[in-house]
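# A closer look at the structure
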Amino acid sequence: MSPQPTTAPTAKEQGARESLTITDNRTGKTYEVPISAGAIRAMDLRQIKTDADDFGLMTYDPAFMNTASTRSSITYIDGDKGILRYRGYPIEQLAEESTYLETAYLILNGELPTAAQYQDWEYKILHRTFLHENIKTHMEAFRYDAHPMGMFISSVAALSTYYPDSAQISDPESRLIQIIRLIAKVPTLAAFSYRHHRGLPYVYPDNDLSYTGNFLRMLDMMTQVKYEPDPVKARALDVLFILHADHEQNCGTNAMRAIGSSHVDPYSAMAGAAAALYGPLHGGANEEVLKMLTQIGNIKNVPAFIDKVKKGEGRLMGFGHRVYKNYDPRAKIIKRTADQVFRTTGVNPLLEIALELERIALQDEYFVSRKLYPNVDFYSGLIYQAMGFPVAFFPVLFAIPRTVGWLAQWVEMLQDPDQKIARPRQLYTGYDARPYVPLYARGNGHA
Ligand code: CMC
């Protein structure tokens, strides 16, 4: 009988402990810190001191590059493999088979709804779409050319003044009412901001239509007696909404959790999250992509533009991601959805430039070595533009579906016994104590 191949025993089989041993070379002392789920607790480092007066060791991690701020069971991302799942379900399957409202239920509750649960959920959302009439007065007070995202953020914050009961953040029933209100009303707020931006009268919701069908109607309705939403556009929006519903601890979600950790109401917290999303490095990137493509103007200018980016003169917007070091799975789905939309709307002329940028970037050493791939924002703007949305409206189209992600993460944070008010430490680099100098004694300038 030939000898059986043997494999070396793993460290675990050899009885290795799930811990980290740290030697502080300043003192020669050794500490053992437990490892759980691939992480150590930063607070376990506090015991590492040079003497009794020492505050204890901290970690320095600007921008949370390697710090998990929470445990979460909502969204899973494997950035190297390009995987995105909500509550375990692959994004590709949800985009193919689900609707935004069903996915929203899943994200909030952890399970797909039964038929009865879905019916009840859909009914509740579709029958809370109206806004208090005074919201219209707020909206009308904005300048004629106000950015729709600025209007959206302020109006979300203003909603807290209409629902003072939302301060009851420890009451699960009150939380659910605010969640339903927010998911139901953000399309109406968004549509009012759009109509204001275009100088058009506001259109009230039609609760007989689907979530995205009603949204399209509030945007487009002019003098029709009965508005019929275009089913291709409504479905494309549904898919885009599914793709944008949550994305674990991104900048906006981190803002939602941090603001919510002070126990403020969800409208105020969500206004802050939406403000974070507005930035050009985050949800504002889709707007920047369109500006960039328009500026490039012609496919023959693409190589010169890429050269400028490589010299550090600007970024290739819609490329790169903190977590994905592979093709963003959402970008793949969006590219397919774009083909379907372009069949009814006609191809966006900027598509040619985008495809050429992608082709060159995916084989250029600069982008390859830095693992820079198209992200969700690279193609979404092209679809939105083909559907007739103005560029300034793109971040709002991101904020509507992200509402459910923000709210699910907010509830998870409130229910997590590990969480407290978010309050990072700093490494102080300023002056040591020095005496105040009266004005007359300060001379003409600082020494
Ligand atoms: N174009 C050119 N170079 C880039 C880009 C880009 N889009 N993104 C990153 N780099 C370079 C960067 O200059 C750096 O190079 P070096 O090592 O030589 O200094 C390297 O790649 C690493 O970049 P980083 O800035 O350290 O990476 P980050 O994880 O801090 O930033 C990012 C992530 C998304 C902010 C960044 O990739 C970026 O600015 N992308 C363009 C904006 C964008 O498309 N944002 C949407 C993100 S997805 C949706 C969302 O979050 O809302």
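### With respect to the pairing of strand S3 (residues 75–78)
- Two elements, S3 and strand S4 (residues 83–86), share four bridges in a ladder whose sense is antiparallel. Bridged to Tyr 76 within S4 is Arg 85.
- Once S3 ends, the chain turns through four residues before running back antiparallel as S4, passing Gly 82 with a positive phi of about 70°.

### Here's the deal with helix H8 (residues 231–243)
- Here H8 contains 13 residues, and its C-alpha end-to-end distance of 18 Å stays within 8% of the 18 Å for a straight helix at 1.5 Å per residue.
- The element H8 is largely enclosed, with a buried count of ten among its 13 residues.
- Within H8, the full set of buried residues consists of Lys 233, Ala 234, Ala 236, Leu 237, Asp 238, Val 239, Leu 240, Phe 241, Ile 242 and Leu 243.
- Structurally, the start of H8 carries an N-cap: the backbone nitrogen of Val 232 is 2.8 Å from a side-chain oxygen of Asp 230.

### Focus on the environment of Pro 374
- You can see Pro 374 is positioned in the loop between helix H15 (365–369) and helix H16 (376–386).
- Under the relative-accessibility criterion, Pro 374 is labelled buried at 1%.
- When sequence neighbours within four positions are dropped, the list of residues in contact with Pro 374 reads Gly 318, Phe 319, Tyr 327, Asp 328, Ala 331, Glu 358 and Leu 362.

### As for the packing of helix H5 (residues 148–162) against helix H6 (residues 172–197)
- Between H5 and H6, whose axes approach to 9 Å, the crossing angle comes to 140°. When the interaxial angle is binned, H5 and H6 end up oblique. H6 is crossed by H5, and the crossing has right-handed handedness. Contact residues: H5 offers Pro 148, Met 151, Phe 152, Ser 155, Val 156 and Leu 159, while H6 offers Leu 182, Val 186, Leu 189, Ala 190, Ser 193, His 196 and His 197.
- Its residues assigned to classes, the contact of H5 with H6 shows nine nonpolar, four polar and no charged.

Criteria and thresholds
Residues numbered from 1 in each chain as written. Predicted model: local features only at pLDDT ≥ 70, side-chain atom pairs only at ≥ 80, totals over all residues. Heavy atoms only, no water. Pairing = 2+ DSSP bridges. Helix = DSSP H or I, 4+ residues; strand = E, 2+ residues; numbered from the N terminus. Expected span 1.5 Å × (residues − 1). Buried < 20%, exposed > 50% of the residue type's maximum accessible area, 1.4 Å probe, protein only. Polar contact = N/O pair within 3.5 Å; in protein donor to acceptor, adjacent residues only side chain to side chain. Contact = heavy atoms within 4.5 Å. Axes fitted to C-alpha atoms, helices over the stretch in contact; angles between N-to-C directions. Parallel < 35°, antiparallel > 145°, perpendicular 65-115°, else oblique. Left-handed = near helix turned anticlockwise from the far one by under 90°. Nonpolar A, V, L, I, M, F, W, Y, C, P; charged D, E, K, R; others polar.

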